[in-house]
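Listed here are the chains, written in short residue letters.
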Amino acid sequence: MPDKSIEGLPIPENEKNNIKRLFGALKDAGRQSGYNVETEVVGGALSKPWPRKDIDVTVKTGKMGKGETELDRAKDEFKTLSEIAKRATEIDKNFVVREEIEPAMDEEFGSPGILKFDGVIRIQPKKGTQIELIRKHE
C-alpha cells in the first residue's frame, strides 16, 4: 500500500522513489523485529520550493519506551528506531546511516521530563537528498 504522505509531493520523481524505497526497507526491518513501523513525510518537503537540504520523515515504531523519565523512554524508543534504521540500510544497500543524534533534555527547564529534541537519524541515499528520520512518540 503506497504511503499517502508521498503522493503529490512537490519534489523530483527520483526523490519520491528514494523515499518509497526507504519506507519499504524500514517497514520490512520493523516487521523482522516485531514492530509495525509508520512513516510520514513532514516539514519543508511538503510546501517549500525544491531543492531542499533534507527531507524530514517522522517514524513511529509502535514501541512504548521504558524508563523512569521521559528522556529515558525517548532514548529507549530511539534505540529501537536506530536498530530498525540500520537493518533497513542492510536490506536496501542504496542507503547509509550518516549520523545519529539521540533525544535530549531541555536544559532551560532542567527536567528529564521535558525534551528539547526528539532525536534524528540522517540517512543518505547513494543519489539524492538526505532523509532525516525523526522519532515520533506513540
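Here we summarise the structure given alongside this text. Here the structure is a predicted model, which is why all the values come from computation and not from measurement.

Conventions adopted
- The residue numbering used here restarts from 1 in each chain and proceeds along that chain's sequence as written.
- Residues qualify for local features only when their pLDDT is at least 70, as the model is predicted, and side-chain atom pairs are given and counted only at 80 or more; totals for whole chains, interfaces and linings, by contrast, use all residues.
- Side-chain calculation: all heavy atoms of the structure are included, whereas hydrogens and water are not.
- Only runs of H or I of at least four residues qualify as helices and only runs of E of at least two qualify as strands under DSSP, and these elements are numbered from the N terminus.
- Summary of the burial criterion: residues with accessible area below 20% of their type's maximum are buried, those above 50% are exposed, and those between are partly exposed, where the area comes from a 1.4 Å probe applied to protein chains only.
- Whenever two N or O atoms come within 3.5 Å, that pair is a polar contact, provided that in protein one can donate a hydrogen and the other can accept it, and provided that, for residues adjacent in sequence, both atoms are side-chain atoms.
- Throughout this description, the term nonpolar core refers to a set of buried Ala, Val, Leu, Ile, Met, Phe, Trp, Tyr and Cys residues connected via side-chain atoms within 4.5 Å.
- The contact criterion used is simple: two residues touch if any of their non-hydrogen atoms lie within 4.5 Å.
- As a rule, the C-alpha atoms of each element are fitted with a line to give its axis, helices using only the stretch in contact, and angles between N-to-C directions run from 0 to 180 degrees.
- A crossing counts as left-handed when the near helix is turned anticlockwise from the far one by less than a right angle, and as right-handed when that turn is clockwise.
- Asp, Glu, Lys and Arg are counted as charged, while Ala, Val, Leu, Ile, Met, Phe, Trp, Tyr, Cys and Pro are counted as nonpolar; the rest, among them Gly, fall into the polar class.
- Any two strands with at least two DSSP bridges between them are considered paired.

## With respect to the environment of glutamine 130
Note that glutamine 130 resides in strand β7 (residues 130–135). On the basis of relative accessible area, glutamine 130 is assigned to the buried category, the value being 14%. In the structure, glutamine 130 is positioned 81 residues away from proline 49 in sequence and 16 Å away in space, judged by C-alpha atoms. Of note is the side chain of glutamine 130, whose polar atom sits 3.5 Å from the side chain of glutamate 132.

## Things to note about the nonpolar core
Formed by 25 residues in total, the largest nonpolar core has its most connected members in Ile19, Val41, Ile55, Val57, Ile131 and Leu133. Every element with two or more residues in this core is listed here: α1 (13–33), β2 (54–60), α2 (70–91), β6 (120–125) and β7. In terms of residue count, the dominant contributor to this core is α1 (6 residues). Residues contacting isoleucine 55, with those up to four places away along its chain left out, are Ile11, Glu15, Ile19, Val41, Ala45, Trp50, Thr129, Gln130, Ile131 and Glu132.

## Description of the side chain of threonine 89
With respect to the helices and strands, the residue threonine 89 is situated in helix α2. For threonine 89, a relative accessible area of 13% puts it in the buried group. Apart from residues no more than four positions distant in its own chain, threonine 89 is found in contact with Phe95, Val96, Val97 and Ile123.

## Describing the packing of α1 against α2
In contact at an axis separation of 8 Å, α1 and α2 are set at 115 degrees when each is read in the N-to-C sense. Judged by the sense of rotation from one axis to the other, the crossing of α1 with α2 is right-handed. Counting all contacts with α1, which are made through Ala25, Leu26, Asp28, Ala29, Gly30, Gln32 and Ser33, the residues of α2 involved are Ile84, Ala85, Arg87, Ala88 and Ile91. Looking at the contact of α1 with α2, its residues break down into 7 nonpolar, 3 polar and 2 charged.

## Quick notes on the sheet that holds β6
Within the open sheet, the 5 strands sit side by side as β1-β2-β7-β6-β3. Their pairing is mixed. On the outer flanks of this sheet lie β1 (38–42) and β3 (95–101), each paired with one strand and no other. For this sheet the average axis-to-axis angle between neighbouring strands, irrespective of direction, equals 25 degrees. Bridge analysis of β6 against β7 gives 4 bridges, and the strand direction is antiparallel. Bridge pairing in β7 links isoleucine 121 to leucine 133. Docked against the sheet, α1 engages β1, β2, β3, β6 and β7, running at close to 155 degrees with respect to β1.

## A word on unusual backbone geometry
Negative phi values dominate among residues other than glycine, just as trans dominates among peptide bonds. Geometrically, the link from tryptophan 50 to proline 51 is a cis peptide bond, its omega value of 10 degrees lying close to zero. Inspection of the secondary structure assignment puts proline 51 in the loop between β1 and β2.

In short, geometric facts, not functional conclusions.
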